[in-house]
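Each chain is listed here by its residues.
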Amino acid sequence: VVTGSIKFEINMGASLREAAEVLRLGWGQDRPVWLAASTHEGEEELVLEALADLKKQARFANMLLVLVPRHPERFAAVTRLCKKNHRIALRSETPGAIDPAVEILVGDTMGELQLFFGAADVAFIGGSLVPTGGHNLLEASAVGKPVVFGPHMFNFQEISQMTLERGAGVQIPSPDQLAPAVSDFLGNANRRDSAGLAGRKMVEENRGALVANMRLIEDLLK
């Protein structure tokens with residue numbers, strides 16, 4: 001029996017939404033924010049190149065990048081990389097408002113990624129520009145945020161295809177397309193909102209696998 005994917009059961013409660021709104025106030029509502037979530041070795045350099053390209057545009061000069069490495073053992077190395085050419089802040093040291101001059105917030109904490117999705121404008125899904133296979137993009141879709149991901153999404157092949165068909169995100173063939181893809185969402189509020197709404201509907205309409213699984217298990221136990 002195929003019941004669907006329980007990954008769609010993700011649900012952002014009211015308290016998390018409120019916390020995301022407060023966090024965004026601290027980051028700055030008048031500046032574009034994009035989240036690079038669950039990045040792997042070799043991806044941070046590509047993300048920083050995209051950031052540099054984006055900041056060449058006057059409308060993105062005050063942009064904030066929230067960069068969250070997938071593995072905590074890489075927090076220090078990614079922090080050093082970002083410090084070379086950018087003014088940064090660490091989430092572990094900056095739980096509230098950040099200086100408007102900060103260009104990169106390094107997410108060096110655990111368990112806050114869903115909060116970051118809620119506070120950002122657009123999300124890049126890590127593990128997709130390197131042959132890792134990509135990570136769960138439904139966390140962004142569940143809170144109505146458009147997603148950008150690379151060619152390597154074999155860990156979420158069906159879900160990523162559904163995301164493209166629904167118009168909830170875009171897939172880029174190569175790293176040099178990251179900046180244009182992020183720019184398209186950040187620079188067009190209607191497109192961003194439309195993709196975010198499509199993602200939220202996609203998650204809502206595909207819920208139900210968990211209940212179906214539990215019913216099957218209960219029937220077997222009887």
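For the structure given in this document, a descriptive report is provided here. Quick caveat: nothing in here was measured; it's all calculated off a predicted structure.

## Observations regarding the sheet that holds strand 7 (residues 169–171)
Phase 1: Pairing is parallel across the open sheet formed by seven strands, whose spatial order is 3-4-2-1-5-6-7. Across the chains shown, the open sheet's two edge strands, defined by having one partner strand only, are strand 3 (88–90) and strand 7. Across the sheet, the mean angle separating the axes of adjacent strands is 20° when strand polarity is ignored.
Phase 2: Bridge count between strand 5 (residues 122–125) and strand 6 (residues 147–149): three bridges; the pairing is parallel. If you follow Phe-124 over to strand 6, its bridge partner there is Val-148.

## Some remarks on the pairing of strand 1 (residues 33–39)
In the case of a regular strand, side chains alternate between the two sheet surfaces.
Phase 1: Burial analysis of strand 1 places seven of its seven residues in the buried class, the great majority of the element.
Phase 2: Pairing of strand 1 with strand 2 (residues 64–69), which is carried by six bridges, proceeds in the parallel orientation. Looking at strand 2, one finds that Thr-39 is bridged to Pro-69.
Phase 3: Of the crossover connections in this fold, the one passing from strand 1 over helix 2 (residues 44–55) to the parallel strand 2 is right-handed.
Phase 4: Bridge count between strand 1 and strand 5: four bridges; the pairing is parallel. Following the sheet pairing, Trp-34 is matched in strand 5 by Val-122.

## Topic: the nonpolar core
Phase 1: Counting 37 residues, the largest nonpolar core has Trp-27, Leu-35, Leu-64, Val-66, Phe-116, Phe-117 and Leu-137 as its most contacted members.
Phase 2: Sequence-distant contacts of Leu-64, that is, excluding residues within four places in its chain, are made with Trp-27, Arg-31, Pro-32, Val-33, Trp-34, Ile-98, Val-102, Glu-103, Ile-104 and Leu-105.
Phase 3: The next biggest cluster of nonpolar side chains, apart from the first, holds 31 residues, and it includes Val-78, Val-170, Ala-179 and Phe-185.

## A word on unusual backbone geometry
Phase 1: Its identity as a non-glycine residue notwithstanding, Ser-38 has a phi of 60°, on the positive side.
Phase 2: Tracing the sequence through the fold places Ser-38 in strand 1.
Phase 3: A residue is classified by how much of its surface remains accessible, and Ser-38, at 6% relative accessible area, is buried.

## Let's talk about the packing of aromatic side chains
Phase 1: Within this structure, the stated rule accounts for one aromatic pair.
Phase 2: When the centroid spacing of 6.0 Å and the interplanar angle of 45° are considered together, the rings of Trp-27 and Phe-116 count as tilted. Highlighted residues: Trp-27 in helix 1 (residues 14–27) and Phe-116 in helix 4 (residues 113–119), separated in sequence by 89 residues.
Phase 3: By relative accessible area, Trp-27 is classed as buried at 2%.
Phase 4: Across from the ring centre of Phe-185, 4.4 Å away, lies the NZ or CZ of Arg-191, which sits over that ring.

Basis of the calculations
- Residues numbered from 1 in each chain as written.
- Predicted model: local features only at pLDDT ≥ 70, side-chain atom pairs only at ≥ 80, totals over all residues.
- Heavy atoms only, no water.
- Pairing = 2+ DSSP bridges.
- Helix = DSSP H or I, 4+ residues; strand = E, 2+ residues; numbered from the N terminus.
- Axes fitted to C-alpha atoms, helices over the stretch in contact; angles between N-to-C directions.
- Buried < 20%, exposed > 50% of the residue type's maximum accessible area, 1.4 Å probe, protein only.
- Right-handed = clockwise from strand over helix to strand, strands pointing away.
- Core = buried A, V, L, I, M, F, W, Y, C linked by side-chain atoms within 4.5 Å.
- Contact = heavy atoms within 4.5 Å.
- Phe/Tyr/Trp six-rings, centres within 6.5 Å; stacked < 30°, edge-to-face > 60°.
- Lys NZ or Arg CZ within 6 Å of the ring centre and 35° of its normal.

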